[in-house]
Amino acid sequence: MELKIDGVSAALTYENGILVVGSTRGDGLWGENITHNVKTIADIPSRLKKISGQEWPALLDVRGEIYMELKDFEALNQEKKKRGEVLFANPRNAVSGSVKLLDARITAQRRLKYFVHSLGVVQGKYKYKTHFEFLESAKRYGFRVDPHRRICRSLSEVVHFYEEYAPKRSTIPYEVDGVVVKVNSLMEHEELGVTLKSPRWAVAYKFPAKQATTVVKDILVQVGRTGVLTPVAELEPVECAGVTISRSTLHNFDEIQRLGIKKGDRVLLQ
């Protein structure tokens, strides 16, 4: 069991202990080369640490999540506000924008962090038998691994892990939106295989969505590029999941009629 960190997935490829490529997940087949930017992230070693009595793998490909701690996200938005720039909506958007910048010097200032969460490929003498064993080895190589993880031996233990962390998510210094249940045996990973978008040996369970209530100040009509008219609710600004929301599309006029929504109504945002 692991927490599902709300960041940007990135794969790192090492040849004989040296980082050669960093890339985004993309569509599962093609991703973006972000090597120049991942090299600025302190959590990502450019050279793996030596493990006693063990050669570096000829090829090691690890998967993980680039993320930003909430305090660093707030500080970044404060800096942007002082400069009169558009603020990032949430930490994930801030990370996504940061790893794709052409100027790696700006990325270096964004205080990005990285957790390894999965093994992609390993070539060489050393083979891992379990996912948990790989994570312990990744720590010895110099990677950071999320400490909130546990081996569960029954479905009731899986449920307990979820129920333990759902109410604690606000105490964790970075955004998490659920838990991930993974088969521990790497041999079974190979048997189960992967789809284009996700592995069959891992399942994510999201935490309940965050909610907030506010008041509809006005209902406006927005004219799209093709002339489509879209009703938009102007709201009393309210904070929800780290974002201040002041407008919301109402989809169409039939939906307004179905909900019976009017100015002055109190509404629930999710």
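In short, a report on the structure. Treat the numbers as computed from the prediction; the structure is a model and nothing was measured.

## Concerning the sheet that holds strand S7 (residues 202–206)
Spatially, S1-S6-S7 is the arrangement adopted by the three strands of the open sheet, whose pairing is antiparallel. Of all the strands in the sheet, just strand S1 (2–5) and S7 have a single pairing partner and so form its edges. This sheet shows a mean twist of 35° between the axes of neighbouring strands, independent of strand direction.

## Describing the pattern of salt bridges
One pass over the structure, following the stated rule, counts 20 salt bridges. With a closest N to O distance of 3.6 Å, Lys-100 and Glu-32 form a salt bridge. Pair noted here: Lys-100 is in the loop between helix H3 (91–99) and helix H4 (104–108) and Glu-32 is in the loop between strand S3 (18–24) and helix H1 (35–38), with a separation of 68 residues, a long-range link. We classify Lys-100 as partly exposed; its relative accessible area is 41%. Overall, Glu-32 belongs to the partly exposed group, its relative accessible area being 42%. Arg-258 is the partner of Glu-255 in a salt bridge, and the nearest nitrogen-oxygen pair spans 3.0 Å. In this pair, Glu-255 and Arg-258 are both assigned in helix H8 (residues 253–259), three residues apart and thus about one turn of the helix distant. Taking the relative accessible area as the measure of exposure, Glu-255 reaches 23% and is therefore partly exposed. The exposed category is assigned to Arg-258, whose relative accessible area is 61%. Through salt bridges with shared partners, a single ionic network connects Glu-69, Lys-71, Asp-72 and Lys-113.

## Re the nonpolar core
Counting residues in each nonpolar core, the largest one holds 35 residues, and the members touching the most others are Leu-12, Ile-66, Tyr-114 and Phe-143. Of all the secondary structure elements, the ones that give two or more residues to this core are strand S2 (8–15), strand S4 (59–67), helix H2 (70–82), H3, strand S5 (113–123) and helix H5 (131–141). Once you skip the residues sitting within four places of it in the chain, Tyr-114 turns out to touch Ala-10, Leu-12, Ile-41, Asp-43, Ile-44, Val-62, Arg-63, Gly-64, Glu-65, Ile-66, Tyr-67 and Arg-144. If you look at the next biggest cluster of nonpolar residues, it comprises 13 residues, including Met-1, Tyr-67, Val-176 and Val-179.

## Some points on helix H6 (residues 155–165)
Turning to H6, its buried residues number three or more, namely Val-158, Phe-161 and Tyr-165. Burial along H6 is one-sided: seen end-on, the buried residues are contained in an arc of 60°. Exposed and oriented more than 90 degrees from the buried face of H6 are Leu-155, Ser-156 and Glu-163. Looking at the buried positions of H6, the neighbouring elements they touch are S1 and strand S6 (176–182).

## Details of H2
Between its terminal C-alpha atoms H2 stretches 19 Å, which fits the 18 Å expected from 13 residues at 1.5 Å a residue. Where H2 terminates, the next one or two residues include Gly-84, which has phi positive at roughly 75°.

## Remarks on the pairing of strand S9 (residues 229–240)
Where strand S8 (residues 212–223) and S9 come together, seven bridges link them in antiparallel fashion. Across the sheet, the residue bridging to Leu-220 is Val-232, located in S9. In sequence, S8 turns back onto S9 through a hairpin of five residues, with Gly-227 there showing a positive phi of about 90°. In this sheet, strand S10 (residues 243–249) lies alongside S9 in antiparallel orientation, the contact comprising six bridges. Bridging across to S10, Ala-233 finds its partner in Ser-248.

Here is what the cut-offs are and how they apply
Residues numbered from 1 in each chain as written. Predicted model: local features only at pLDDT ≥ 70, side-chain atom pairs only at ≥ 80, totals over all residues. Heavy atoms only, no water. Pairing = 2+ DSSP bridges. Helix = DSSP H or I, 4+ residues; strand = E, 2+ residues; numbered from the N terminus. Axes fitted to C-alpha atoms, helices over the stretch in contact; angles between N-to-C directions. Salt bridge = Lys/Arg side-chain N within 4 Å of Asp/Glu carboxyl O. Buried < 20%, exposed > 50% of the residue type's maximum accessible area, 1.4 Å probe, protein only. Core = buried A, V, L, I, M, F, W, Y, C linked by side-chain atoms within 4.5 Å. Contact = heavy atoms within 4.5 Å. Arc of directions from axis to C-beta. Expected span 1.5 Å × (residues − 1).

Purely spatial values, then, with no claim about function.
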